[in-house]
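# Survey of secondary and tertiary structure
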Amino acid sequence: MSIFGKVLQSLGLGGKDKAPAPPANAPAAGNAPAAGRAPTGGPAAAVAPAPVAVSVVDVEAHMEGLAAKTGHKVNWRESIVDLLSLLGIDNSYAARKELAVELGCPPALMDDSAQMNMWLHKTVMARIAANGGKVPQNLLD
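As the structure is a prediction and not an experimental result, all values here were calculated from the model. (Residues numbered from 1 in each chain as written. Predicted model: local features only at pLDDT ≥ 70, side-chain atom pairs only at ≥ 80, totals over all residues. Heavy atoms only, no water.)

Helices and strands together make up the secondary structure of the protein chain, namely six helices and two strands. Its helices and strands in sequence order give the protein chain the pattern α-β-α-α-α-α-α-β, from N to C terminus. Classification of the 141 residues of the protein chain by burial places 29% in the buried group. Long-range pairs, those at least 24 residues apart, make up 51% of the contacts in the protein chain with a sequence separation of at least 6. Taken as a whole, the protein chain presents about 8,700 Å² of accessible surface, with 57% of it coming from carbon and sulfur. (Helix = DSSP H or I, 4+ residues; strand = E, 2+ residues; numbered from the N terminus. Buried < 20%, exposed > 50% of the residue type's maximum accessible area, 1.4 Å probe, protein only. Contact = heavy atoms within 4.5 Å. Areas by Shrake-Rupley, 256 points an atom, 1.4 Å probe, with all protein chains shown as cover.)

Compared with an ideal rise of 1.5 Å per residue, which puts 18 residues at 26 Å, helix H6 (residues 113-130) spans 25 Å between its outermost C-alpha atoms and is within 8% of the ideal. Of all the residues in H6, the buried ones are Met116, Asn117, Trp119, Leu120, His121, Thr123, Val124, Met125 and Ile128. You can read the cap of H6 off the contacts: a side-chain oxygen lies 3.1 Å from the backbone nitrogen of Ala114, and it is on Asp112. Within two residues after H6, Gly132 carries a phi angle of roughly 105°, on the positive side. (Expected span 1.5 Å × (residues − 1). Polar contact = N/O pair within 3.5 Å; in protein donor to acceptor, adjacent residues only side chain to side chain.)

Let us look at the pattern of salt bridges. All chains considered together, the criterion is met by three salt bridges. Note that Asp58 and Lys134 form a salt bridge whose closest N and O atoms lie 3.9 Å from each other. Pair noted here: Asp58 is in strand E1 (residues 57-58) and Lys134 is in strand E2 (residues 133-134), with a separation of 76 residues, a long-range link. In this structure, the salt-bridge partner of Arg77 is Glu60, at a minimum N-O distance of 2.6 Å. (Salt bridge = Lys/Arg side-chain N within 4 Å of Asp/Glu carboxyl O.)

Moving on, we get to the side chain of Asn117. Among the secondary structure elements, Asn117 is positioned in helix H6. For Asn117, a relative accessible area of 18% puts it in the buried group. A polar contact is formed between the side chain of Asn117 and the side chain of Arg96, at a distance of 2.8 Å. Non-local contacts of Asn117, meaning those with residues more than four positions away in its chain, are made with Ile80 and Arg96.

See the structure below:
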């Protein structure tokens, strides 16, 4: 599993990495129409698949709950190291660099760990929000 996939899973959003189930009206394997022929089946064949429901996770509440259990001060709102640590994910430089590559960090930032970390934190927050996480707006700006 990707590092970002582990982030989503740790927040209860891990289902997003799974392939979506086929729509209920999709032909079963082996029952697909022959090439060049339209599917049959009347009105049901024309029904569009229902949108997939996205669960929303309150990221701030989740992270604050984890932070309260540590017994020491953590700065998950600004630090990718603390964010990963609270989620139980490897926060080493090598792991952060791998995450940066995974998320498409600009190469110019990869040589400066502080710049890479700031980019990572902002990008991870934005991607969490895009995957159903309720992230405070000030962490997305």
